[in-house]
Amino acid sequence: MLRKYQQDALDKLLWSRTLPGKDLAVLPQAAGKSHLIAAYAKAVDKPILILQPTRELILQNKQKLEQIVDPSEIAVYSAGLNSKKISRFTFGTVQSVIKATALFKHIDTIIVDEADLVNTRDTDTQYRRVIADIAPNKVIGLLLRRIEWQLDIGGGVNCRGS
């Protein structure tokens, strides 16, 4: 079961499927993005590619999705994890997927996890090439809103989001 703010984010992402363009969901640190990814994947009855920056995130998000959908519908396409399989829900790294975009032409939605790590100023990134080559119906970026706690000189605590 999703928390209220996760359900709100899911509802908005599902609603946005009717709109053209790319979407961005901004969630605070430890907000349960893996639960949101799993819930979205289950709700959308179309092939989804979830791009992750690290093997650890692939495994974490795959584990959450396995709790709510048939594990046989989940695959990993990542050289770092010694797996190059594709299914209804495919977790992958951009470094592996970029070498085989022709295999992913059937993908309806690409979710870019940790989208804040993607260089948006560079017009020729691996992410841009993967998205352009696959040309999915929808692209969703999940952005982490980091909270930094600092002690100021006066002894108080400052919290600022970035």
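The following refers to the structure shown. On a predicted model such as this, the values are computed, not experimentally measured, just so you know. Counting of residues starts from 1 at the beginning of each chain's written sequence and follows it residue by residue. Side-chain atom pairs in this predicted model are given and counted only at pLDDT of 80 or more, local residue features only at pLDDT of at least 70, and totals for whole chains, interfaces and linings cover all residues. With hydrogens and water stripped out, all remaining heavy atoms of the structure feed into the side-chain values.

### Points about the layout of surface pockets
A 1.4 Å probe that fits into a set of points on a 1 Å grid over the protein atoms alone but cannot get out defines a cavity; an open set with protein on both sides within 12 Å along at least five of seven lines defines a pocket, and lining residues are those with an atom within 4 Å of a point. Grid points are joined across faces, edges and corners, and a volume is the space filled by probe spheres set on the points. Considering only enclosed or pocket space, the largest pocket measures out at about 320 Å³ in volume. Around the largest pocket sit 15 residues that line it, and Lys22, Val118, Thr120, Ile131 and Val139 are the ones nearest its centre. Looking at the lining of the largest pocket residue by residue, the class counts come to 8 nonpolar, 4 polar and 3 charged. Considering only enclosed or pocket space, the second largest pocket measures out at about 190 Å³ in volume. Residues were grouped as follows: Ala, Val, Leu, Ile, Met, Phe, Trp, Tyr, Cys and Pro as nonpolar; Asp, Glu, Lys and Arg as charged; and all remaining residues, including Gly, as polar.

### Comments concerning the side chain of threonine 101
Positionally, threonine 101 belongs in the loop between helix H4 (94-97) and strand S6 (109-112). A 1.4 Å probe rolled over the protein chains alone gives each residue an accessible area, and that area as a share of the maximum for its type sets the label: buried under 20%, exposed over 50%, partly exposed in between. Note on threonine 101: relative accessible area 11%, which makes it buried. Polar contacts, as used here, are pairs of N or O atoms within 3.5 Å; protein pairs need one atom able to donate a hydrogen and one able to accept it. Residues neighboring in sequence count only if both atoms are side-chain atoms. In this structure the side chain of threonine 101 is engaged in a polar contact, spanning 3.5 Å, whose partner is the side chain of aspartate 133. Those residues within four positions of threonine 101 in sequence are excluded, and the remaining contacts are Val130, Asp133 and Ile134. Only DSSP runs of H or I reaching four residues or more are called helices, and only runs of E reaching two or more are called strands; each is numbered from the N terminus. Throughout, a residue-residue contact means that at least one pair of heavy atoms, one from each residue, lies within 4.5 Å.

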